[in-house]
There are 2 protein chains.
Amino acid sequence: MTTSAIADALRLPPGPVDLTSIETDAAPGFDGKKADGQAALHAMGDELADLQERLWAQRTVGTDRRVLLVLQGMDTSGKGGVLRHTIGLVDPQGVRITSFKAPTEEERAHDFLWRIEKGLPPAGYIGVFDRSHYEDVLIGKVRALADDDEIERRYGAINDFEARLSGEGFTIVKCMLHISPQEQKSRLEERLANPEKYWKYNPGDLDERALWPAYREAYETVLERTSTQVAPWHVIPSDKKWYRNLAIAQLLLDTLRGLDLQWPEADFEVETEKKRLAEESPVQ
Amino acid sequence: MTTSAIADALRLPPGPVDLTSIETDAAPGFDGKKADGQAALHAMGDELADLQERLWAQRTVGTDRRVLLVLQGMDTSGKGGVLRHTIGLVDPQGVRITSFKAPTEEERAHDFLWRIEKGLPPAGYIGVFDRSHYEDVLIGKVRALADDDEIERRYGAINDFEARLSGEGFTIVKCMLHISPQEQKSRLEERLANPEKYWKYNPGDLDERALWPAYREAYETVLERTSTQVAPWHVIPSDKKWYRNLAIAQLLLDTLRGLDLQWPEADFEVETEKKRLAEESPVQ
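What counts as what
- Residues numbered from 1 in each chain as written.
- Chains lettered and ligands numbered in written order.
- Predicted model: local features only at pLDDT ≥ 70, side-chain atom pairs only at ≥ 80, totals over all residues.
- Heavy atoms only, no water.
- Least-squares fit on C-alpha atoms with pLDDT ≥ 70 in both.
- Pairing = 2+ DSSP bridges.
- Helix = DSSP H or I, 4+ residues; strand = E, 2+ residues; numbered from the N terminus.
- Axes fitted to C-alpha atoms, helices over the stretch in contact; angles between N-to-C directions.
- Contact = heavy atoms within 4.5 Å.
- Buried area = accessible area lost by both parts, 1.4 Å probe.
- Salt bridge = Lys/Arg side-chain N within 4 Å of Asp/Glu carboxyl O.
- Polar contact = N/O pair within 3.5 Å; in protein donor to acceptor, adjacent residues only side chain to side chain.
- Buried < 20%, exposed > 50% of the residue type's maximum accessible area, 1.4 Å probe, protein only.
- UniProt positions renumbered as here; feature names shortened; annotations may be inferred.
- Parallel < 35°, antiparallel > 145°, perpendicular 65-115°, else oblique.
- Left-handed = near helix turned anticlockwise from the far one by under 90°.
- Nonpolar A, V, L, I, M, F, W, Y, C, P; charged D, E, K, R; others polar.
- Lys, Arg positive; Asp, Glu negative; His and termini not counted.
- Expected span 1.5 Å × (residues − 1).
- Phe/Tyr/Trp six-rings, centres within 6.5 Å; stacked < 30°, edge-to-face > 60°.
- Lys NZ or Arg CZ within 6 Å of the ring centre and 35° of its normal.

Time to look at the relation of the copies chain B and chain A. Two chain copies, one operation linking them: a rotation about an axis together with a shift along it. Superposing chain B onto chain A requires a rotation of 180° together with a translation of 0.0 Å along the rotation axis, leaving an RMSD of 0.0 Å. Seen this way, the second copy is the image of the first under a two-fold rotation axis. Measuring from the rotation axis to each C-alpha of chain B, the shortest distance belongs to B:Pro92, at 3.1 Å.

Laid out in structure tokens, this is it:
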């Protein structure tokens, strides 16, 4: 599968991960500036929509193919913006977005993957996870919501889970939206400065923010332990919103191109049906 | 609530309905041609997106408001096109599309409204039904899938159900996509002429088409019996795809405008939070 310069630049190499060494305001694999990036994103729209329709059409012939895009990142890193600007480029009919909040009592009574299974996209869909099972080894670890042995167990359980999905027709694309703490601060300031954005702000955001180094460390472990051949992680520099949107659109486009999606063959006799239609009794 | 010329033209007056007297290729309430209609649709995008975000934001303050758009129509009438071109104008995050196919065995073991309840949008969402509970008094009646008494009972059950939803924060907009049998024929011919559209064709479509007069009668009864103050029907002339998309966008826009959606007030002390953020320990 040929991939784009952006995908090549973003795929995480094996080995230890040091997030402080990955720039948050760069635009790896892309030469242009903001206006160029926005134009490049716009230019992908038709092909993305075409390939998504082919994937959708495959449902009629019993495909098991589907795409799962996992979005993770600190508050304000732009998961919502990706949904609006990148996922918004394709037919909403074929998209299944699942947002994972703090688990409910019922969800907590099950294994952490129970609610994840329920949120998986059906065949033919592009599924998007806005947060995911990775919260259970991120906030789960930082806030000690589970003990060390359980956290440790989860890395393996996640890899097994994703390997199983891969065997069931899923193509998994995992993206960590990487912003700097300075960028987060300025985005939080914006929310507090604009009454139209108050609803996006929660005082608890600052408590999480104070734990930034612990989250960074937890992310590094996640990236090291769960970036696999079948479900690789991509670290997306996300201080530049336009690059974030472009990069994820490019990853999605590469993924769909890699599926070599054809229009389904007719499972009926085309000539027979043409004849039936031509010769029908008048319908009024 | 002020409504647009399009909405005024499309709202079904009380009384008997004769679908043969409603033109399928007209553009009621709109003066322009195709290019004007497409421009008018495009021009609604920003306001639609803004109002939808306000509705979405209301979730954070415990709103029960939500919109339910019901799309009904014969095969090829363009339900999928509305999803792509009209619903595609707003943030996919705040949209919940539910498509109703032939009921499963489990669904058939329950009352016809059981699966409908499960497909309702949560508060803050725009829900779209691609087919709906109306199938149970359309194909249900035409194909005699239920006996006459049961069909008769369902009209009342639907009105009670929708009245209850209206009291729970739903605004219901029901649209019947009205095409002529000649237009359907030409759309089916297109599907059979283009290998990229074979997947949209099903030989059973012609069997349903042969029952056109019975479906028309069933639709007329639905429109007469279930167009209510809280959940009115609109008959959308749909031979012109551009008008169909424009008209439904306009109905959605009118609906959202009518909700008088404000940005939620802060439920925290803005100045306190600004101070916390300004005075925090350095985060690196």
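From this point, the narrative continues.
Glancing now at the sheet that holds strand E2 (residues 95–99) of chain B. Adjacent strands of a sheet form backbone hydrogen bonds with each other and so pair up, either parallel or antiparallel. Residue and element names in this part refer to chain B. With parallel pairing, the five strands of this open sheet are ordered in space as E2-E3-E1-E4-E5. With one partner strand each, in any of the chains shown, E2 and strand E5 (233–237) form the two edges of the open sheet. Averaged over all adjacent pairs, the angle separating strand axes in this sheet is 20°, with direction ignored. Pairing of E2 with strand E3 (residues 126–130) involves five bridges; the strand directions are parallel. When the sheet's bridge partners are listed, Ser99 is paired in E3 with Asp130. Packing against the sheet, helix H7 (residues 148–167) makes contact with strand E1 (66–73) and strand E4 (170–178), and its axis sits at approximately 135° to E4. Sheet strands touched by helix H10 (residues 212–226): E1, E4 and E5. Its angle to E5, the strand with the most contacts, is close to 140°.

Where interface size is given, it is often the accessible area lost as the parts come together that is meant. With 48 residues of chain B at the contact, the number on the chain A side is 47 residues. Between chain B and chain A, a total of about 4400 Å² is buried, with carbon and sulfur atoms accounting for 64% of that surface. The salt bridge involving A:Glu280 is made with B:Arg209; its shortest N-O contact spans 2.7 Å. Between the two partners, chain B and chain A, sit 10 residue pairs in polar contact (both at pLDDT 80 or more). Where the side of chain B that touches chain A is concerned, the elements lending two or more residues are helix H2 (34–57), helix H3 (79–85), helix H8 (181–193), helix H9 (204–209), H10 and helix H12 (270–278) of chain B.

Residue placement: A:Trp199 occurs in the loop between helix H8 (181–193) and helix H9 (204–209). Take A:Trp199: its relative accessible area is 14%, and that puts it in the buried class. With sequence-adjacent residues up to four places away left out, A:Trp199 is seen in contact with B:Glu53, B:Trp56, B:Ala57, B:Thr60, B:Trp263 and B:Pro264. Of note is the side chain of A:Trp199, whose polar atom sits 3.1 Å from the backbone oxygen of A:Glu196.

Glancing now at the pattern of salt bridges. Counting across every chain of the model gives 41 salt bridges over all chains. Across the pair A:Glu271 and A:Lys274 runs a salt bridge, and its minimum N-O distance is 3.6 Å. One end of the pair, A:Glu271, and the other, A:Lys274, are both in helix H12 (residues 270–278), three residues apart, so they sit about a helical turn from each other. Of the residues examined, A:Glu271 reaches a relative accessible area of 55% and is grouped as exposed. In this structure, B:Asp111 engages B:Arg153 in a salt bridge whose closest nitrogen and oxygen atoms are separated by 2.9 Å. Residue B:Asp111 is located in the loop between helix H4 (105–108) and helix H5 (114–118), and its partner B:Arg153 is located in helix H7; the two are separated by 42 residues in the primary sequence. A relative accessible area of 37% places B:Asp111 in the partly exposed class.

With that settled, the discussion passes to the UniProt feature "domain: Polyphosphate kinase-2-related" (unreviewed entry) in chain A. UniProt annotation of "domain: Polyphosphate kinase-2-related" (unreviewed entry) refers to residues 33–257 of chain A when read in the numbering used here. Helix makes up 51% of residues 33–257 of chain A and strand 14%, and the two end C-alpha atoms of the span are 25 Å apart.

Residue and element names in this part refer to chain A. Their axes nearest at 9 Å, the elements helix H2 (residues 34–57) and helix H11 (residues 241–258) cross at an angle of 30°. The angle between the axes of H2 and H11 places the two elements in the roughly parallel class. Relative to H11, the crossing made by H2 is left-handed. Contacts from Lys34, Gly37, Gln38, Ala40, Leu41, Met44, Glu47, Leu48, Leu51, Gln52 and Leu55 of H2 reach H11 at Trp242, Asn245, Leu246, Ala249, Gln250, Leu252, Leu253, Leu256 and Arg257. A class-by-class count of the residues in the contact of H2 with H11 yields 12 nonpolar, five polar and three charged.

The phi dihedral of A:Ala144 is positive, around 50°, even though this residue is not glycine. For A:Ala144, the position within the fold is in the loop between helix H6 (139–142) and helix H7 (148–167). Classification of A:Ala144 as exposed rests on a relative accessible area of 57%. The backbone phi angle of B:Asp260 is positive, close to 50°, even though this residue is not glycine. Tracing the chain through its elements places B:Asp260 in the loop between helix H11 (241–258) and H12.

Residue and element names in this part refer to chain B. Mapped onto the elements of the fold, Asp205 is located in helix H9. Buried Asp205, no salt bridge; nearest opposite-charge side chain is Arg191, N-O distance 4.6 Å. Setting aside its immediate chain neighbours within four residues, Asp205 contacts Asp75, Leu188 and Lys200.

Right, let's talk about H7(B) for a bit. Residue and element names in this part refer to chain B. With 20 residues, H7 should reach 28 Å at 1.5 Å per residue; the first-to-last C-alpha distance of 30 Å fits that figure. For H7, the full list of buried residues reads Ile151, Arg154, Tyr155, Ala157, Ile158, Phe161, Glu162 and Leu165. On the buried face of H7, the contacting elements are E1, H5, helix H6 (139–142), E4 and H10. Where H7 ends, the next residue or the one after it, Gly169, has phi of about 110°, a positive value.

A complete count under the given rule lists 14 aromatic pairs over all chains for this structure. An aromatic cluster of three or more residues is present, and its members are A:Phe30, A:Trp242 and A:Tyr243. Taking NZ or CZ as reference, A:Arg59 lies 3.4 Å from the ring centre of A:Trp56, over its face. Over the ring of B:Tyr125 we find B:Arg96, and its NZ or CZ is 5.1 Å from the ring centre.

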